[in-house]
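Coordinate inspection notes
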Amino acid sequence: MRVPEPSVGARAIRDRLASVGTSPVTMALVLSFLLCAVIILVTGVNPLSAYAEMWRGASSGSGPRTVIDRAVPIIGMALAISIPFRTGIVNLGAEGQMIVGGLAAALTAIHLPGPGAFVIGVSFLAASAAGAAWALLPAIGQTALQLPILISSLLLNAPARALTSYLVKYYFGDPTATSTTTVAVPEATRIPTLGWLSGASATAVPVLALVVAIALFNGRTAPGYQSLVSGINLRFSRYGGVAVARQTIVSMGVGGSIAGMVGAHLVLGQSGRFVDGDLAGSGFAWTGLLVCLIAANRAVPILVAGSFFAALQVGGLAMQRSAGVSWQLAQVLQAIVILTLAMRVVPGMRRRGSSEPTPNLEADVIGQIAPGAADVVKV
Amino acid sequence: MFDQLFDAALLDSVVRASVPILLAAIGGLICERAGVFQISLEGTMLVGAFTAVSVSYVSGNAYLGVLGAIAGGMATSSLLAVGHVSRKGDPIVIGIAINLLAVGLTGFLLPQFFDLRGVFRDPAIVGLEKYEIPLLADLPVVGNALFDMTLVGYLAFVLVPVVWIMLFRTAVGLRLRGVGENPAAAHTRGVPVTTYQYTAVATSGLLAGLAGAQLALGNVVQFAENMTAGRGWIAVVAVLLGRAHPFGVLAACLLFGFAEGLGFRLQGNGFAVQATDALPWVATLLALVIARRRFIRLVDLTGRMA
């Protein structure tokens, strides 16, 4: 692997751009598109025309707006997941954290009087608190009871679905609706759309700010560095004086809080009500997880990969309409990208355990959660 | 009320719910003993269910369907074998990606092959026959539950002692455990570590495929999108909870089967469907808490070195 010169400013950006073409991620993408072309061919459709429809669907008509509206929750979930992942904590419970956040926001928006902007703010706070609380359950389970978060966070997804469904059905439901849903939130508490952003939801702006904030936190602060070190080598991190238990609690809490706010966005910015099963069915949590993996937990690459995966999904739906190729191909494509990265199929990726120098600690964990994460769960 | 809840029919549904989880969990425990963290059971089972139904539909033979499920399961698990054992990729990432790939691929192929979405139900799909064991099946209470099953169901329960003997009473089992506990030492003693790990992962693919076949051709006769619905993850937890010991894993699987069976029954008695949906998951969490075992061994997060 080439060891890059330490570079600053414009040169750094130029170097980064130059390396995009040969980066393992680019090659994994090319390989995945080729593999999926074979799959499309097997089903009797011309892959080139299918991909052309995919591109057309994502880039023309309502495509750009839909892509941004899909990218916002995907990037949000990826950021939420990246914070614990970076410290080596495998949080598979983001879906549940998002769902409880969504319900908390819906109930606040429906019942809290006041001006729209104020109610939106409080709703996001409520969602953030609910998501964080749901994430703290497995965090405390790990620090106090030694239950691996990998397992307990995942096990809490179904109870989150069941609990919110129960609450909506028996306590907060819309009696006039045939499905299990809350009433619509007041019009004033809906998140506005932005004309200059192709009419996409205004949440895109705070999400961009969050990307920058997390990038700065990770790259420029001591706790950000400590979380990276913990993700790479937990023992070393503790040896260096990091309070690992506190780090676990805080990173899970922050991640859960962001996931909860994504739920709030989906309710106040998209559907306008909490519909049972909608948030879980959206698959944003799992897409976000894949985005986080491909971006190796880094905020700016999450922005890029999240937008790309959103475009893939929107294009996939268009492809289904016009080329007769089922949209799930987009899911297949996403999973294959991660598999090729994790399996180090593409050249230029370091195998774990080799003795080559590692110029960039963060980039080195593409396709891994954190090198130490797998060792945490042992029977 | 309790006589209504606890009867032979409950035991029947407990056993039915346990069999797919048990098959997958036995595969998971063999991997665990070989030092491979196997969390792709969910996706492997789903592929098995899909191939089982597809092959049974096309061929009109349930056992060809089972063979298809085995092939599908082993093909899926080969991704973990190549990616983790040979290429040293992160088993958690590969496992998660396999699970999502399985959901996407089966959801993609269902409309592509059979021109429908959601649920694939057709009289041409031949289900697995049940075989009654004479005399034993007439036993009160347990007879119907344990001695009137599909061949795959019997196999699941027979495998528990067989795997125990294999692990703890044979040279192969000793080497397998050695590979898991200290691969370097096993290698030094001349044990082909990679071969053992490959075989373990392939076996888990075979068994998770069988679990899918039992689910889609035994418990019901249909394929539904994402029909495994977390059973593969429960199997992963069963391995953890049962300490990768065949009888411990059996007990854990029966516990989950009991929670699921009881859930169905409670639902019939007017309980909210949400409460019964959450029951197996909550029971699993509670079991993990009550077991009060330190599942995290390598790193003791309270501050002391492990």
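Within every chain, residues take consecutive numbers counted from 1 along the sequence as written. Here every chain gets a letter starting at A, and every ligand a number starting at 1, in the order they are written. Thresholds applied to this predicted model are a pLDDT of at least 70 for local features of residues and 80 or more for the giving and counting of side-chain atom pairs; totals over whole chains, interfaces and linings are not thresholded and use all residues. Hydrogens are left out, water is left out, and the side-chain values use all remaining heavy atoms of the structure.

1. A word on the overall build of chain A
Each helix is a run of H or I in the DSSP string that is no shorter than four residues. Each strand is a run of E no shorter than two, and both are numbered from the N terminus. Secondary structure assignment for chain A yields 17 helices and two strands. When accessible area is computed with a 1.4 Å probe and restricted to protein chains, residues below 20% of their type maximum are described as buried, those above 50% as exposed, and intermediate ones as partly exposed. Here chain A, with 379 residues, has 55% of them falling under the buried criterion. In chain A, once contacts between residues fewer than 6 apart in sequence are set aside, the share between residues at least 24 apart is 74%. Here, Shrake-Rupley sampling with a 1.4 Å probe gives the accessible areas, and only protein chains in the shown set may cover a residue. Carbon and sulfur atoms make up 66% of the accessible area of chain A, which totals about 15400 Å². For this analysis, residues touch if any pair of their heavy atoms sits within 4.5 Å.

2. Side note on the overall build of chain B
A tally of regular secondary structure across chain B gives 13 helices and four strands. For the radius of gyration, the atom set is restricted to C-alpha positions; the globular benchmark scales as 2.2 Å times the number of residues to the power 0.38. Relative to a compact globule of 306 residues, whose C-alpha radius of gyration would be 19 Å, chain B shows 20 Å and is just as compact. Projected onto its principal axes, the C-alpha coordinates of chain B cover approximately 55 × 45 × 40 Å. With 306 residues in all, chain B has 57% of them scored as buried. Summed over its atoms, the accessible surface of chain B is roughly 12300 Å², and 65% of this surface lies on carbon and sulfur atoms.

3. What to know about the pattern of salt bridges
Residue and element names in this part refer to chain B. The working definition used for a salt bridge is a side-chain nitrogen of Lys or Arg within 4 Å of a carboxyl oxygen of Asp or Glu. A full pass over the atoms with the stated rule returns five salt bridges over all chains. Across the salt bridge formed by R231 and E260, the nearest N and O atoms sit 3.2 Å from each other. Note that R231 is positioned in helix α11 (residues 231–241) and E260 in helix α12 (residues 246–268), a separation of 29 residues in sequence. Since its relative accessible area comes to 18%, R231 is described here as buried.

4. Topic: the confidence of the model for chain B
Residue and element names in this part refer to chain B. This prediction gives chain B a mean pLDDT of 88; 93% of its residues lie at or above 70. Element-level pLDDT for chain B is lowest in helix α1 (residues 2–5), with a mean of 60, against a maximum mean of 96 in helix α3 (residues 41–59). Per-residue confidence from the predictor is reported as pLDDT, a score between 0 and 100. Predicted confidence is poor over residues 297–306, with pLDDT under 50, and the contacts of this stretch with residues over four places away or in other chains come to 27 contacts. Confidence estimates for the predicted assembly give a pTM of 0.87 and an ipTM of 0.88.

5. Regarding the packing of helix α14 (residues 284–294) of chain A against helix α15 (residues 299–323) of chain A
All names here are of chain A. Only the contacting stretch of a helix is used when fitting its axis, a line to C-alpha atoms as for every element, and angles between N-to-C directions run 0 to 180 degrees. Two numbers describe how α14 lies on α15: the axes approach to 9 Å, and their chain directions differ by 135°. Here α14 lies oblique to α15, going by the angle between them. In this structure, the crossing between α14 and α15 has a hand that is right-handed. Judged by residue contacts, T287, L290, V291, C292 and I294 of α14 engage I302, A305, G306, F309 and Q313 from α15. Roughly parallel means an angle under 35 degrees; roughly antiparallel, over 145; roughly perpendicular, 65 to 115; everything else is oblique. Handedness of a crossing follows from how the near helix is turned relative to the far one, being left-handed for an anticlockwise turn of less than a right angle and right-handed for a clockwise one.

6. A look at the nonpolar core
Only buried residues count toward a nonpolar core. Its members are Ala, Val, Leu, Ile, Met, Phe, Trp, Tyr and Cys residues joined through side-chain atoms within 4.5 Å. By size, the foremost hydrophobic cluster in this structure holds 192 residues, and its most contacted members are L92(A), L23(B) and F223(B). No other element matches the 13 residues that helix α5 (residues 91–114) of chain B contributes to this core. With residues up to four places along the chain from it excluded, the contact list for L23(B) reads V152(B), A156(B), L159(B), L207(B), L210(B) and A211(B). The next biggest cluster of nonpolar side chains, apart from the first, holds five residues, and it includes I89(A), A135(A), A139(A) and M252(A).

7. Some remarks on the environment of F172(A)
Residue and element names in this part refer to chain A. As for its position among the elements, F172 is in the loop between α8 (157–170) and β1 (193–194). Remark: the alpha-carbon pair of F172 and L107, spanning 65 residues in sequence, is separated by 8.0 Å. Discounting chain neighbours no more than four positions away, the residues touching F172 are L107, H111, L167, T181, T182 and V183.

8. Topic: helix α9 (residues 204–220) of chain A
Residues and elements named next belong to chain A. Relative to the 24 Å expected for 17 residues at 1.5 Å per residue, α9 spans 24 Å between its end C-alpha atoms, a close match to the ideal helical length. For α9, the set of buried residues is A204, V207, V211, I214 and N218. With its buried residues spanning 80° around the axis, α9 presents them on a single face. The inward-facing, buried residues of α9 abut α4 (63–86), β2 (200–201), α10 (222–232), α12 (244–271) and α15. Here, expected helix span is obtained from the residue count minus one, scaled by 1.5 Å. Throughout, the arc means the angular range of directions from the helix axis out to the C-beta atoms.

9. Quick word on a nonpolar patch on the surface
Residue and element names in this part refer to chain A. Patch rule: a residue counts if its relative accessible area is over 30% and it has no salt bridge; like charges are joined within 9 Å, and nonpolar side chains (Val, Leu, Ile, Met, Phe, Trp, Tyr) within 5 Å. On the surface, a nonpolar cluster with roughly 420 Å² of combined accessible area is contributed by Y166, Y170, Y171 and F172. Structurally, the position occupied by Y171 is in the loop between α8 and β1. Residue Y171 is classed as exposed on the basis of its relative accessible area of 57%.

10. Observations concerning the packing of aromatic side chains
Residues and elements named next belong to chain B. Two rings from Phe, Tyr or Trp (for Trp, the six-membered ring) form a pair when their centres sit within 6.5 Å of each other. Planes less than 30 degrees apart are called stacked, planes more than 60 degrees apart edge-to-face, and all others tilted. Scanning all chains against the criterion turns up 14 aromatic pairs over all chains. Seen from their ring centres, F50 and F223 are 5.2 Å apart, and the 80° between their planes marks the pair as edge-to-face. One end of the pair, F50, is in helix α3; the other, F223, is in strand β4 (residues 223–224), with 173 residues separating them in the sequence. Under the relative-accessibility criterion, F223 is labelled buried at 0%. Aromatic pair W164 and F247: ring centres 6.3 Å apart, planes at 55°, arrangement tilted. Of this pair, W164 sits in helix α7 (residues 151–169) while F247 sits in helix α12, and the two are 83 residues apart along the sequence. Classification of W164 by relative accessible area gives partly exposed; the value is 25%. Looking at F247, the relative accessible area reads 39%, which means it is partly exposed. Each member of the aromatic cluster is reached from another via a ring pair, and the members are F50, Y57, F113, F114, F120 and F223.

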